[in-house]
Amino acid sequence: VQERFWSDFARFQQKIDNEVRLVRQRLLALSAAVDAGATSAAAAPGTAAAQQTTTPAAFDYSHFEDRFRGPEESIRQRQALYLPILKDAAPVLDVACGRGEMLELLREQGIAARGVDLDLDMIERCKAKDLPVERADALSYLESQPAESLGAIFSAQFIEHLPAAAYVRLIELAFSRLRPGGRLILETQNPECLAIFSQSF
């Protein structure tokens, strides 16, 4: 009974810690947006820039990832298998970097990398780890990069969310932004495996 109690206690403590961290991140982001709005006419209320910065997400993807994607350490262990492929491929761009597991692994290996994600909570989580990230739409960000400027593009559990036209555009952009011999890694669910429909989604 005592072992069960402490196990449950540790699990609930982790949930509380995650909630507190998320609230702090959102407060910091909201505070920064308010400060920017007070000093810049470009962030006037009602503008698209202000709405993008201050409007809370309708869907809490951060909690979704914590529950269904798995613990960060587990994801880091899974993604470590890509490190030999990426060891000589700097700079690496992590598209839809999420919580930044791959960026952490690359930093530990001394491989230059940066990430991009549209979800504000994910960006704040990465910034809390001092990871180089930028909040932006993945396709728009790739379009803004110089031709043949990247050694590798990595993206995990992202392409299955894209419509077909956007997926094709991502491939086209990757081909033009990668230098000759560059690497493109797109990790996604295997649609021929029935287990993903009962366990993963």
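Please refer to the structure placed before this passage.
Rules behind the numbers
Residues numbered from 1 in each chain as written. Predicted model: local features only at pLDDT ≥ 70, side-chain atom pairs only at ≥ 80, totals over all residues. Heavy atoms only, no water. Core = buried A, V, L, I, M, F, W, Y, C linked by side-chain atoms within 4.5 Å. Buried < 20%, exposed > 50% of the residue type's maximum accessible area, 1.4 Å probe, protein only. Helix = DSSP H or I, 4+ residues; strand = E, 2+ residues; numbered from the N terminus. Contact = heavy atoms within 4.5 Å. Phe/Tyr/Trp six-rings, centres within 6.5 Å; stacked < 30°, edge-to-face > 60°. Pairing = 2+ DSSP bridges. Right-handed = clockwise from strand over helix to strand, strands pointing away.

Remarks on the nonpolar core
L86, V92, M102, L106, V133 and F154 are the most contacted members of the largest nonpolar core, which has 20 residues in total. Mapped onto this core, the elements with two or more residues apiece are α5 (83–86), α6 (101–108), α7 (120–128) and β4 (150–156). Per element, the largest residue contribution to this core is 4 residues, and it comes from α6. The contacts of L86, once residues within four sequence positions are left out, are V92, M102, L106, I111, A152 and I185. Grouped together as the second largest cluster of nonpolar side chains are 17 residues, I159, A166, L170 and L178 included.

Thoughts on the packing of aromatic side chains
Two descriptors summarise a pair of aromatic rings, namely the distance from one centre to the other and the angle between the planes of the rings. Applying the stated criterion across every chain yields a total of 4 aromatic pairs. Pairing F5 with W6 gives two aromatic rings, centres 5.0 Å apart and planes at 75°, and the pair type is edge-to-face. A residue is classified by how much of its surface remains accessible, and F5, at 47% relative accessible area, is partly exposed. Their ring planes at 25° and their centres at 6.2 Å tell us that F5 and F9 sit as a pair that is stacked. Of this pair, F5 and F9 both sit in helix α1 (residues 2–39), 4 residues apart, which is roughly one turn of the helix. Members of the aromatic cluster, each reached through a chain of ring pairs, are F5, W6 and F9.

Description of the pairing of strand β2 (residues 113–117)
Each regular strand carries side chains that alternate between the two faces of the sheet. Of all 5 residues making up β2, 4 are buried, and the element is well covered by its neighbours. As judged from the 4 bridges shared by strand β1 (residues 92–95) and β2, these two strands associate in the parallel manner. Bridged to D94 within β2 is G115. Handedness of the crossover joining β1 and β2 through α6: right-handed. Note that β2 and strand β3 (residues 133–135) share 3 bridges and pair parallel. The residue bridging G115 from the neighbouring strand is V133, located in β3. Chirality of the crossover, the property in question, places the unit of β2, α7 and β3 among those that are right-handed.

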